[in-house]
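Overview (structure and organization)
Each chain, written out:
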Amino acid sequence: MSNKKNTVKPDRTLANAIRALSMDAVQRAKSGHPGMPMGMADAATVLFSKFLKFDPTWPEWPDRDRFVLSAGHGSMLLYSLLYLTGYKGPTIEDIKNFRQLLSPCAGHPEYGELPGVEATTGPLSQGLGMAVGMAIAERALGAEFGPEVFDHYTYVIVGDGCLMEGLSHETLSLAGHQKLSKLIVLWDDNSVSIDGPTSLAVSDDQCQRFEAHGWDTIAVDGHDPAAVEAAIAKARKSDKPSLIACKTIIGFGAPNKQGTAATHGAPLGEDEVAAARKTLGWPHKAFEIPDDILKTWRGFGTRSKPDVKAWKKRFLDLDDQTRSILEGRLKGTLPASLDARLNAHKKALVATPKTVATRKASGDALEIINSLSDATIGGSADLTGSNNTLTSGFQAMTPENPTGRYIYYGVREFAMAACMNGLALHGGFIPYGGTFLIFTDYARPAIRLAALMGLRSIFVMTHDSIGLGEDGPTHQTIEHLMSLRAIPGLNVFRPCCAVEVAECWALALEDAKKPSIIALTRQTIAPVRNKHYEENMSARGGYILRDAEAKAQVTLVATGSEVEVALAAKEILDKKNIPARVVSMPSIEHFLAQSAAYKKEVLGAGTLKVSIEAGITRGWEAIVGDNGFSVGIDRFGLSAPAEDLYVHFGFTGADVAARILNRFRASA
C-alpha cells in the first residue's frame, strides 16, 4: 500500500469525524499524537459500530466488552469515540481543552477521569498486559456465575511500540498458554515510530511471533472496513486469542505528512490540517461534527440497549443468594467475619508464640483469608513455595479449569503485576501475587500504574533484605523499600512478626483504593507481640512496642526483622541506665499521615531517635530528625549466611547499643 496515495471514499465519513477531532485537538493543544488516531480511525469505527457491546449511559455495566487503548499516546482516538457515542464525558469543550490543566482529556488516558476509560495507558504494552488480566477475569467469572451473567470480549489496540516492549512477550505467552479466546488485539501496523521507520530498530515477523505464542493471526488492510469487519467476526469464533494486524498509514489523510514520523508525536501544523480537510472531504470547522454524522454515531451508542435490558432481567432472575454474592463481588466487599477471624488468629499467635519467617506467617494469614473470601485470586512468578501464596483448596487456573483461583505466572514478574491490575480493573476479584522483593525491579512500572489508578492489587514480596543470605547482592534488597515508599499512593508494609503480618493483610484488603506491598522475610524471626489487642496496631503505621520503664532517653524505630535488633539494643541500654523505647513501624507512610500529637507521643519529645532497617538510610530523616541517626546499609550486600551478614553490617543489639552509647559519651 502506498503511503502517499489513498482514495477517500464516502464510507469513511464516520471515521473522518475521529480524524478531524483528533487533528484539531492536537493542533489546539500544540502537542500530542495525531498520527495513530488518524491511522486507526477506520478499524475503530468498525469495532464500535459493529461489535463492541457497551452502553454509554451505564459505563459500569458488568457484562460490557472491555476496550483498552494500549497505544495510549493516541488518546484522542478514545476521547473522540467516547464523545461521538454519547458518554457523559468528554464534552466537546473537554476535547477543546485536550492536554490542558485539569482537563479530563489528559495526554494519555487516565482511569477514573472519564467513563469508558477502562485503564490508564501510555506506558507502552501495559494496556495489553492489563487486557490479559481482564480476559482472565471474564472467563473465570463466566465459568463461576454462568455465561448468562458474564459473556463478553476484551479488545485492545496496540502499536508497534507496544509489541517492541519486553512486557508484550510475557503477556502474549501467558495469554496463549491460557487460551484466552475472547481476547482480540488489533495491531496498528503502520511501520513508523518516533525515530522514523520501525525498520531502523526491528525486523520481527509479528504474526509468526504471535502464532508461536499460541495465537490466531489475521492480516488485513486497516483502511478497508469490510476486511476489518470480517477479521473481527472470524476472531470472535476462534478458540485462541487473536491478533488482527491492521496495515495502516499513520496520519491517514494528511497529504504531505501521512506515512511519516512527522505525524507521530507532533501537531500537523495549520497548513497540513487544512490540507487534510480537503483530502478527507471534511469541509467542517474545527471541532464541528454535523448533526447527521453525530446522530449516526450516537446510534452506535444505543446499539447494545437490548443486550443491557436482557442482561438486567437475567441478573434479577438469579436466586437471591447468588445475586447477593455477585453484588458483593462486584463491589469488592470483604467477608463480614474477616475481622473477627483475623483477630482470633492474632490472639492465638500471642497465646502460643512461634518463631517463623514472616513469609510463612503470610501463608497462614492467607489460609484464613482465602477460606472466607471467594474474591481473592492468587499467584506467583515461579516462586510459589518461597512466597507461600498457594493455600489449601486453591487449584491452578488452566484453560480446562478456568475457576481455579491460583495463576502460575511463570518467570514473568511484569506480566503478573500488569495482569493483576487488569483483574482489579475488571471487577469481581481481589488479586495478589508473589515474587522476591528484589524483583519489584521487573514489576515496578505496573506497581506504579496500580498506584496511579488506585487499584487494590496486593504484591506479596518475600526475601526482603540481606536476611535472605547466600544468594548475595543480586538478590538482596538495599534501596528497594525506600524507592517503593517514594511511589505516591502505594502502601508499603514491612511487618515484624506473625501478628503484624495478619494486621498488614487486613489493612491491604480494607484499602480498596490503593495497592499494597507486603515485604516479608525469608529467615525466621522471634515473636515480639506479647499482648493481644483487638485494635489493629499497625493501622497507624507505628506504635510503641516496648516502652521504657523510666522516662525514655532513646527511641529505637525499626521495621520487619530489625525489630528484634531494636529489642536487643534496648535491653543493653536499659542496663546502662539509658531508658529506651522501641517503636515498631510497619508502614512509614501510615505513620507520617497521623496527627502531630500522635507522632510526638510515639516518638517521644527530646529523645535520641534511631532508625534500624537493613536498607538505605536515605528517607529516615523524616523520623529521626536532625539530631538522630539511622542504622542501615548504604552499599550492596554480600553473599554469606544471614546471621553472618547481620553481624558484618552491624545489625546486632550490641552494635546498635554501642553506637548510641558513643553518641551519649560524645555529648557528655
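Up top is the structure.
A brief report on the enclosed structure follows. (Residues numbered from 1 in each chain as written. Predicted model: local features only at pLDDT ≥ 70, side-chain atom pairs only at ≥ 80, totals over all residues. Heavy atoms only, no water.)

**Describing the overall build of the protein**
Put simply, the rule is: Runs of H or I in DSSP of at least four residues are treated as helices and runs of E of at least two as strands, each being numbered from the N terminus. What the globule rule says is 2.2 Å times the number of residues to the power 0.38, and the radius of gyration is computed from C-alpha atoms. Contacts: residue pairs with any heavy atoms within 4.5 Å of one another. Only the protein chains shown count as cover for residues, and the accessible areas themselves come from Shrake-Rupley with a 1.4 Å probe.
On a plain count of helices and strands, the protein comes out with 26 helices and 20 strands. Here the C-alpha atoms of the protein give a radius of gyration of 28 Å, agreeing with the 26 Å that 2.2 N^0.38 yields for 668 residues. Intrachain contacts of the protein at a sequence separation of at least 6 include 78% that bridge at least 24 residues. About 25500 Å² of surface is accessible on the protein, with carbon and sulfur atoms providing 51% of the total.

**A few points about the packing of aromatic side chains**
Convention followed: Pairing of aromatic rings covers Phe, Tyr and Trp, the last counted by its six-membered ring, and requires centre-to-centre distances within 6.5 Å; plane angles under 30 degrees mean stacked, over 60 mean edge-to-face, and any other angle means tilted. Only protein chains enter the accessibility calculation, which uses a 1.4 Å probe; a residue is then buried when its area is under 20% of its type maximum, exposed when over 50%, and partly exposed in between.
The tally for this structure, following the rule as stated, stands at 16 aromatic pairs. Judged by centre distance (5.5 Å) and plane angle (65°), the rings of Phe48 and Phe54 are edge-to-face. Residue Phe54 is classed as buried on the basis of its relative accessible area of 2%. Their ring planes at 55° and their centres at 6.3 Å tell us that Phe145 and Phe150 sit as a pair that is tilted.

**Structural notes on helix α3 (residues 75-85)**
Burial analysis of α3 places 11 of its 11 residues in the buried class, which makes it a mostly covered element. Along α3, the residues classified as buried are Ser75, Met76, Leu77, Leu78, Tyr79, Ser80, Leu81, Leu82, Tyr83, Leu84 and Thr85. Where α3 is buried, its residues meet α1 (13-29), α2 (35-51), β1 (66-69), α4 (92-96), β2 (154-159) and α11 (291-301). Directly beyond the C-terminal end of α3, a positive phi value near 100° is found at Gly86.

**Overview of the packing of α2 against α3**
Rule in force here: Helix axes are fitted only over the stretch in contact, all axes being lines through C-alpha atoms; the angle between N-to-C directions runs from 0 to 180 degrees. Should an angle fall under 35 degrees it is taken as roughly parallel, and over 145 as roughly antiparallel, whereas 65 to 115 is taken as roughly perpendicular and any remaining angle as oblique. For a crossing to be left-handed, the near helix must be turned anticlockwise from the far one by less than a right angle; the clockwise case is right-handed.
Where α2 meets α3, the axes come as close as 10 Å, and the angle between the chain directions of the two elements is 40°. Overall, the two elements α2 and α3 adopt an arrangement that is oblique. For the crossing formed where α2 meets α3, the hand is right-handed. Where α2 abuts α3, its residues Met36, Pro37, Met40, Ala41, Ala44 and Phe48 lie against Met76, Leu77, Leu81 and Thr85.

**Quick look at the environment of Ile588**
For Ile588, the location among the structural elements is in helix α22 (residues 588-592). Contacts of Ile588, omitting those with residues within four sequence positions, involve Met482, Arg485 and Trp620.

**Structural notes on the pairing of strand β6 (residues 216-221)**
A regular strand places its side chains on the two faces of the sheet in alternate fashion. Definition in use: One requirement defines pairing of two strands: DSSP has to find at least two bridges between them. Orient the strands so they point away from the viewer; a crossover is then right-handed if the path from the first strand over the helix to the second runs clockwise.
Where β6 lies against strand β7 (residues 242-247), 6 bridges are found, and the strand directions are parallel. Each residue of the ladder has a partner; that of Ala219, found in β7, is Ala245. The β-α-β motif built from β6, the intervening helix α9 (residues 225-235) and the parallel element β7 has right-handed crossover chirality.

**Section: unusual backbone geometry**
That bond from Gly89 to Pro90 is cis: its omega, 10°, falls within 30 degrees of zero. With respect to the helices, strands and loops of the structure, Pro90 is situated in the loop between α3 and α4. A positive phi angle is found at Arg99, which is not glycine, with a value near 70°. With relative accessibility at 27%, the residue Arg99 sits in the partly exposed group. Notably, His463 is not glycine yet its phi reads approximately 55°, a positive angle.

**Here we look at the sheet that holds β6**
Strands sit in the order β1-β2-β3-β7-β6 across an open sheet of 5 strands; the sheet is parallel. The sheet terminates laterally at β1 and β6, the two strands that pair on one side only. Geometrically, the sheet is characterised by an average inter-axis angle of 20° between neighbouring strands, direction not taken into account. One ladder, built from 6 bridges, connects β2 with strand β3 (residues 183-189); its direction is parallel. If you follow Val158 over to β3, its bridge partner there is Trp187. Across the sheet, α9 is in contact with β2, β3, β6 and β7; its angle to β6 comes to roughly 170°.

**Things to note about the side chain of Gln126**
Structurally, Gln126 is set in helix α5 (residues 126-145). Look at Gln126 and you get buried, because its relative accessible area is 2%. Not counting chain neighbours up to four residues away, the residues in contact with Gln126 comprise Ser70, Leu167, Phe414, Pro445, Ala446 and Leu449.

**A look at the pattern of salt bridges**
Stated precisely, the cut-off is as follows: We define a salt bridge as a side-chain nitrogen of Lys or Arg found within 4 Å of a carboxyl oxygen belonging to Asp or Glu.
Evaluation of the coordinates by the stated rule reveals 24 salt bridges. Between Glu144 and Arg329 there is a salt bridge, with the nearest N and O atoms lying 2.8 Å from each other. Linking Glu144 in helix α5 with Arg329 in helix α13 (residues 320-331), this pair joins segments that are 185 residues apart in sequence. With a relative accessible area of 7%, Arg329 lands in the buried category. Overlapping salt bridges, with partners in common, bring together Arg12, Arg19 and Asp42 in one network.

**Re the nonpolar core**
Nonpolar side chains tend toward joint burial in soluble globular proteins. The condition is simple: Definition used in this section: a nonpolar core is a set of buried Ala, Val, Leu, Ile, Met, Phe, Trp, Tyr and Cys residues joined via side-chain atoms within 4.5 Å.
Judged by nonpolar contacts, the single largest core of 133 residues is most densely connected at Tyr155, Leu186 and Trp297. Here this core takes 11 residues from α5, the largest share from any one element. The next biggest cluster of nonpolar side chains, apart from the first, holds 77 residues, and it includes Cys497, Val528, Leu545 and Phe649.

**Regarding helix α14 (residues 338-351)**
Rule in force here: For a helix, the expected span equals 1.5 Å multiplied by the residue count minus one. Directions pointing from the helix axis toward each C-beta atom define the arc.
Taking 1.5 Å as the rise per residue, α14 with 14 residues should run 20 Å; its terminal C-alpha atoms sit 20 Å apart, in good agreement. All buried positions along α14 are accounted for by Leu338, Leu342, Asn343, His345, Lys346, Leu349 and Val350. What you see down the axis of α14 is that its buried residues fit within an arc of 155°, all on one side. Opposite the packed face of α14, turned more than 90 degrees from it, sit the exposed residues Ala340, Lys347 and Ala351. Residues of α14 that are buried sit in contact with α15 (358-372) and α20 (498-510).

**A closer look at the environment of Glu503**
Note the following rule: Polar contact is defined as a pair of N or O atoms within 3.5 Å, subject to the rule that within protein one atom must be able to donate a hydrogen and the other to accept it, and that residues adjacent in sequence are counted only when both atoms are side-chain atoms.
Take Glu503: it is sitting in helix α20. Considering only alpha carbons, one finds Glu503 and Asn536, 33 residues apart in sequence, at a separation of 5.9 Å. When near neighbours in sequence (up to four residues on either side) are disregarded, Glu503 contacts Lys346, Arg529, Glu535, Asn536, Met537 and Ser538. Of the polar contacts made by the side chain of Glu503, one reaches the side chain of Ser538; its length is 2.7 Å.

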